[in-house]
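Now for the letters of each chain:
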Amino acid sequence: MAPLIPLDRHAGMPLYRQIYRGLRTAIVERLMRPGQRLPSTRALAAELGVSRIPVLEAFEQLLAEGYCESRVGCGTFVAAALPSERSPGAPGERALARQAPEVVAHAAAPGSGAAVETPAEPWLRGAGAFRMNHPEVGRFPVRIWARLLAKHAGNPRSRDLYYGTALGQPELREAIAEYLRTARAVRCEAAQIMITSGSQQAIEIAARVLLDPGSPVWVEEPGYGGAHEPLRRAGARLVPVPVDREGLDVDAGVALEARPRAVYLTPSHQYPLGTIMTAARRLQALAWAQSSGAWILEDDYDSEYRYGSQPIAALQGLDRDARVVYIGTFSKVLFPALRVGYLAMPADLVGRFAGVRAGMDICPPGLVQTALAELLREGHFARHVRRMRTLYAERRSALVAALQQEFGDRLELLGDQAGLHLVAAFRDAADDMLLAEIAARQGLWAMPLSSCYLGPPRRRGLVLGYGGTETRLIPDGVCRLRAVLESLPTTR
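Owing to the predicted nature of the structure, the values given are computational and were not obtained by experimental measurement.

(A) Up close: the environment of Glu304. Note that Glu304 resides in the loop between strand S8 (295-299) and strand S9 (324-329). Glu304 sits 28 residues away from Lys332 along the chain, and the two C-alpha atoms are 9.2 Å apart. Contact partners of Glu304, with chain neighbours within four places excluded, come to Tyr179, Val333, Val385 and Arg389. In terms of polar contacts, Glu304 uses its side chain to reach the side chain of Tyr179, at 2.5 Å.

(B) Local environment of the pattern of salt bridges. One pass over the structure, following the stated rule, counts 26 salt bridges. Between Glu486 and Arg482 there is a salt bridge; the shortest N-O distance is 3.0 Å. Placement of the pair is Glu486 and Arg482 together in helix H14 (residues 474-487), with a separation of 4 residues, close to one helical turn. Classification of Arg482 as partly exposed rests on a relative accessible area of 25%.

(C) Structural context of the sheet that holds strand S11 (residues 411-414). In spatial order, the strands read S11-S12-S14-S13; together these 4 strands make up an open sheet with antiparallel pairing. On the outer flanks of this sheet lie S11 and strand S13 (447-448), each paired with one strand and no other. The sheet contact formed by S11 and strand S12 (residues 421-426) spans 4 bridges and is antiparallel. Across the sheet, residue Leu413 finds its bridge partner in S12, namely Ala424.

(D) Up close: the nonpolar core. Core analysis: the biggest nonpolar cluster contains 65 residues, and Phe330, Leu372 and Leu464 have the highest contact counts within it. If you tally residues by element for this core, the top one is helix H12 (residues 380-407), at 11 residues. Dropping the residues within four chain positions of it, Phe330 is found in contact with Ile176, Phe335, Leu338, Val340, Tyr342, Leu372, Leu376 and Phe381.

(E) Quick look at helix H9 (residues 279-292). For H9, built from 14 residues, the straight-helix expectation of 20 Å at 1.5 Å per residue is met to within 8% by its first-to-last C-alpha distance of 20 Å. All of the buried residues in H9 are Arg281, Arg282, Ala285, Leu286, Trp288, Ala289 and Ser292. Along the long axis of H9, the arc covered by the buried residues comes to 160°, so they all point the same way. Exposed and oriented more than 90 degrees from the buried face of H9 are Ala279, Ala280, Leu283 and Ser291. Trailing H9 by a residue or two, Gly293 shows a phi angle of about 75°, which is positive.

(F) Summary view of the sheet that holds strand S6 (residues 247-248). The strand order across the open sheet built from 8 strands is S3-S10-S9-S8-S7-S4-S5-S6, with neighbouring strands paired in mixed fashion. Edge positions in the sheet fall to strand S3 (193-196) and S6, since each has one partner strand and no second. In this sheet, S9 lies alongside S8 in parallel orientation, the contact comprising 4 bridges. The partner of Glu298 across the bridge, within S9, is Tyr326. Running over the sheet, helix H5 (residues 170-184) touches S3, S9 and strand S10 (341-344) and is turned about 110° from S3.

(G) Quick look at the packing of aromatic side chains. Evaluated as defined, the whole model comprises 10 aromatic pairs. Relative to Trp145, the ring of Phe140 lies with its centre 6.2 Å away and its plane at 70°, an arrangement referred to as edge-to-face. The same class applies to Phe140 and to Trp145, which are both buried. Centroid distance Trp218 to Trp288: 4.2 Å. Interplanar angle 10°. Geometry classified as stacked. Of this pair, Trp218 sits in strand S4 (residues 216-221) while Trp288 sits in helix H9; the two residues are 70 residues apart in sequence, bridging distant segments of the chain. Members of the aromatic cluster, each reached through a chain of ring pairs, are Tyr179, Phe330, Tyr342 and Phe381. Between Arg71 and the ring centre of Phe77, over which it is positioned, the NZ or CZ distance is 3.9 Å. Over the ring of Trp295 we find Arg323, and its NZ or CZ is 4.0 Å from the ring centre.

(H) Representation of helix H4 (residues 142-154) in the model. If you check H4, its first and last C-alpha atoms are 18 Å apart, about what 13 residues at 1.5 Å a residue would give, namely 18 Å. Burial in H4 covers these residues: Trp145, Leu148 and His152. Summarising the axial view, the buried residues of H4 lie within an arc of 65°, below the 170-degree limit, and thus occupy one face. Turned more than 90 degrees from where H4 packs its buried face, Val142, Arg143 and Gly154 sit exposed. Against helix H11 (366-377) lie the buried residues of H4.

(I) Structural view of the confidence of the model for the protein. Taken as a whole, the protein shows an average pLDDT of 87; of its residues, 90% reach a score of 70 or greater. Contacts of residues 83-119 to residues separated by more than four positions or lying in other chains number 46 contacts, the stretch itself having pLDDT below 50.

(J) Structural view of the pairing of strand S5 (residues 237-244). Here S4 pairs with S5 via 6 bridges, running parallel. Of the residues in S5, the one forming a bridge with Glu221 is Pro242. Regarding topology, helix H7 (residues 225-233) serves as the crossover connection from S4 to the parallel S5, and that connection is right-handed. As paired strands, S5 and S6 are joined by 2 bridges and run antiparallel to one another. Across the sheet, the residue bridging to Val243 is Leu248, located in S6. Taking the residues that link successive antiparallel strands as the turn, the S5-S6 hairpin has 2 residues.

(K) Geometry of the packing of helix H1 (residues 15-28) against helix H3 (residues 52-65). Across the interface, H1 lies against H3 with an axial gap of 8 Å and an inter-helix angle of 45°. It follows from the interaxial angle that H1 and H3 lie oblique. In this structure, the crossing between H1 and H3 has a hand that is right-handed. Contacts from Leu15, Tyr16, Ile19, Tyr20, Leu23 and Arg24 of H1 reach H3 at Pro54, Val55, Glu57, Ala58, Phe59, Gln61, Leu62 and Glu65. Within the contact of H1 with H3, the residues separate by chemical class into 10 nonpolar, 1 polar and 3 charged.

Parameters and conventions
- Residues numbered from 1 in each chain as written.
- Predicted model: local features only at pLDDT ≥ 70, side-chain atom pairs only at ≥ 80, totals over all residues.
- Heavy atoms only, no water.
- Helix = DSSP H or I, 4+ residues; strand = E, 2+ residues; numbered from the N terminus.
- Contact = heavy atoms within 4.5 Å.
- Polar contact = N/O pair within 3.5 Å; in protein donor to acceptor, adjacent residues only side chain to side chain.
- Salt bridge = Lys/Arg side-chain N within 4 Å of Asp/Glu carboxyl O.
- Buried < 20%, exposed > 50% of the residue type's maximum accessible area, 1.4 Å probe, protein only.
- Pairing = 2+ DSSP bridges.
- Core = buried A, V, L, I, M, F, W, Y, C linked by side-chain atoms within 4.5 Å.
- Expected span 1.5 Å × (residues − 1).
- Arc of directions from axis to C-beta.
- Axes fitted to C-alpha atoms, helices over the stretch in contact; angles between N-to-C directions.
- Phe/Tyr/Trp six-rings, centres within 6.5 Å; stacked < 30°, edge-to-face > 60°.
- Lys NZ or Arg CZ within 6 Å of the ring centre and 35° of its normal.
- pLDDT = per-residue confidence, 0-100.
- Right-handed = clockwise from strand over helix to strand, strands pointing away.
- Parallel < 35°, antiparallel > 145°, perpendicular 65-115°, else oblique.
- Left-handed = near helix turned anticlockwise from the far one by under 90°.
- Nonpolar A, V, L, I, M, F, W, Y, C, P; charged D, E, K, R; others polar.

Rendered as structure tokens:
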């Protein structure tokens, strides 16, 4: 996986120098560790969208200065002679006195419906055109995955047949920690990683550790409904905070609830609007969290896919006070049924998180973890992400073109530079709920934007997933959506 290297083609600094500085910073900051293999110059050039020449020059400079070493026939690696640990007292890694509540398993409130599976909304009942949160599973490397599963199932290690640890298998946690440091600029060690059953369980565990019944929690408005239920089950009182073009409005949140216990954020690709939280707003959120003693739950659900720029660094990487719990998932990158997610927690809360996890289901299943760790280590994961980024960029472009052709100025497109969905916001008052219900009867699974609001919706439109929609089907699907919209009996 290529490290996170922001490039500015309009800057006075040559590209090779920017690449060199990005790699050197990753090595010095221990986001890339001694002995870790660098991507090939060809792969890194493709990832950054540049020729191989500046990449080769950057590698030569790193080799000359001793940051890297070349191994004949193997590639380029971070120099093994570098110190393997941070110096004591590094920012953000000191032990902090915590005000975390005692670990309590909160029962769902009577009548809350927490233990009852509710019927899916019409736009979530099928698979196909515009279905939200569906990646292209047909391009997943099934044969490689089957080989890895068969390899470990046919000759399991004895310890793989016993109960594992609540945090998950060390091999997978180490692989994830290396990936997060390199690709997402997350500051973490394997000891801080917990393997979960998707991001939903990660949110549930974090909520049980950090919240008490009645704790106020900021959530984005509009936002991800899937995060609301685990927060409610932990007894949280949700405070919807508006999202603007810079991300969650911290000042508005303070005005609504000055001292919440936590805030749930999707800063790198806001769900559903696709907003990228600006640097100024990120620093404001971190400063506010530190001063108020609040926790930040950062859900980084699909940041592997950006089309107009390089991936955005995680908010957690800017945190020097250990206030952020970072949450990720393989559901959007590999396939949803895998049900493997992870979280990176502050080091001094590992015991509390492990205690809650052990009380829920003891430990995650072992076989899938072993195979997934090998998928990451052998480079199959990184290659799959690169291939899918190209495919999703093609589908996104097709969807944008079709919407502009069929709807013209009637729609405003939001969040179309990243992820697996975009928002087609209405410029009038069309009824998006009715539109989505009628469209679902015709096999078009468009989610209404107004369903993402806790309070009265400020905007209406459609949240359109394109990850699992074949390019050839997109123009016809958009044409049919326009026909449904024009058939609506009334608007409001």
